[in-house]
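Chain and residue survey
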Amino acid sequence: KKEQNKVKMGKALVFLSFALLCSCSLSASPGLEVTISESILSKAWQAGVKVALPQLQSLSIPDTSGKTSTPVGSFDYTVSDVQISGFNIGSTSIQLQSGQGVELAASGLTLTVNLQFSFKEESWPHIKTGASATVTVKDGSATIVVLPTSTSDGHLQLSLTSRSVSLGDFEITVDGSMSWLYNFVESLFGGQSKGACESAIESAIDGQIPQLNTYLASLPTQYAIDMWQGSTVTVDYSVVNPPTITSSFMFLDALGGFSVNGQASSCPYKAPDMPQVASGNDVQVYVADYVENCFLYSLHEGGLLTTTIDDSMVPSSSPIHLNTTDLQGLEPNLYAAYPNMLVEVGR
């Protein structure tokens, strides 16, 4: 059983070291610092776009109405049933803005807009007519600026500081029988309808941020590890400061605290200032010796550094074993009280 405990202790220490490095991917006073390059953040942005795209495939635009003049008279018009579909993004890019946030850009936006429009002549004989049109938008763009912050419970959070969508060139197909209205529909979409589509996409972007923050808030900030003697050590890697952003890297500070069996000990050691120096690697993890010291202090306070040595751990070739007979020269009173009995030494 003692050999099993030794193996379990070794595995737990190895696993704890691994957990410290891996848990930093998320970072009182920090003991851990993670440096993330613009390249890694760019890959995260690409992955995020793939997740968000399905929610942008079907957007509804509010109906619009107004008045227009044509060579044949003045008409009241209504544009309705405007639907955006087939939303795709050509490429993405990212730019870290020192002290300001992260600019996320998407270019080569393409989408299809289907709409219905109707007319009613203002004067007699009040002719009514209507048709449908399909608009194919090419080469649009979107820019989002987000500011990463930290919450009071140790999670990352994103604040949207600005966003803009610009739909580029477009082609229009009008119902065959109403093709003579092409110029009007082109003018209409280039004004009100295009702006309404851009606003709808911006609103959809706005709606993505709370969903993302909900996901970030669900991420764990602690990890429990089974140790020896039936105890559990919990690693706390809560984010303790708002991330620091430079032109090439983002720095995350994490706590690096510990508790044993749910009891956190106040670490007596002082956490050093984080260096915020990038090595050039895509991801860099800095673990201060403060973390190691606090870990060992927590084990000590939790009673996990107590060791018991008994006679089974003494080599058989040893001339002295852990029993009162062999130790009577050192402890004669012990032998007198407990003759010929095994001894255990604990610390």
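Look a little higher up for the structure.
Values in this document were obtained by computation on a predicted structure and should not be read as measured data.

**Quick look at the overall build of the chain**
Assigned secondary structure in the chain consists of five helices and 18 strands. Within the chain, the fraction of its 347 residues that count as buried is 37%. For the chain, the exposed surface amounts to about 19,000 Å²; the carbon and sulfur share of it is 53%.

**A word on the pattern of salt bridges**
Taken as a whole, this structure holds five salt bridges when the rule is applied. The salt bridge involving D76 is made with K67; its shortest N-O contact spans 2.8 Å. Here D76 falls in the partly exposed class, since its relative accessible area comes to 30%. The class for K67 is exposed, based on a relative accessible area of 60%.

**Quick word on helix α3 (residues 182-218)**
Between its first and last C-alpha, α3 extends 51 Å over 37 residues, near the 54 Å set by a 1.5 Å rise per residue. Within α3, the axis deviates most sharply at F189, by approximately 50 degrees.

**Structural notes on the nonpolar core**
Judged by nonpolar contacts, the single largest core of 50 residues is most densely connected at I84, V113, L115, F117 and I201. It is α3 that provides the largest number of residues to this core, a total of ten residues. Apart from residues no more than four positions distant in its own chain, V113 is found in contact with V82, Q83, I84, A133, T134, V135, V137, F189 and C197. Of all hydrophobic cores here, the second largest spans 19 residues; its members include W228, V235, Y237 and Y290.

**A word on the sheet that holds strand β15 (residues 263-264)**
With respect to topology, four strands assemble into an open sheet ordered β10-β11-β14-β15, the strand pairing being antiparallel. Each edge of the open sheet carries a strand with a single partner, namely β10 (222-226) and β15. Note: strand β11 (residues 232-236) against strand β14 (residues 257-260), four bridges, orientation antiparallel. Across the sheet, the residue bridging to T234 is S259, located in β14. The sheet contacts of helix α4 (residues 289-301) involve β11 and β14, and relative to β14 the element is tilted by about 10 degrees.

**Focus on the sheet that holds strand β16 (residues 283-287)**
Pairing is antiparallel in the open sheet, where four strands are placed in the order β12-β13-β1-β16. One side of each edge strand has no neighbouring strand; the edge strands of this open sheet are β12 (244-245) and β16. Sheet analysis places strand β1 (residues 32-37) next to β16, joined by five bridges and oriented antiparallel. Its bridge partner lying in β16, E33 is registered against Y286.

Scoring rules and cut-offs
Residues numbered from 1 in each chain as written. Predicted model: local features only at pLDDT ≥ 70, side-chain atom pairs only at ≥ 80, totals over all residues. Heavy atoms only, no water. Helix = DSSP H or I, 4+ residues; strand = E, 2+ residues; numbered from the N terminus. Buried < 20%, exposed > 50% of the residue type's maximum accessible area, 1.4 Å probe, protein only. Areas by Shrake-Rupley, 256 points an atom, 1.4 Å probe, with all protein chains shown as cover. Salt bridge = Lys/Arg side-chain N within 4 Å of Asp/Glu carboxyl O. Expected span 1.5 Å × (residues − 1). Bend = angle between axes of the 7 residues up to and from the residue. Core = buried A, V, L, I, M, F, W, Y, C linked by side-chain atoms within 4.5 Å. Contact = heavy atoms within 4.5 Å. Pairing = 2+ DSSP bridges. Axes fitted to C-alpha atoms, helices over the stretch in contact; angles between N-to-C directions.

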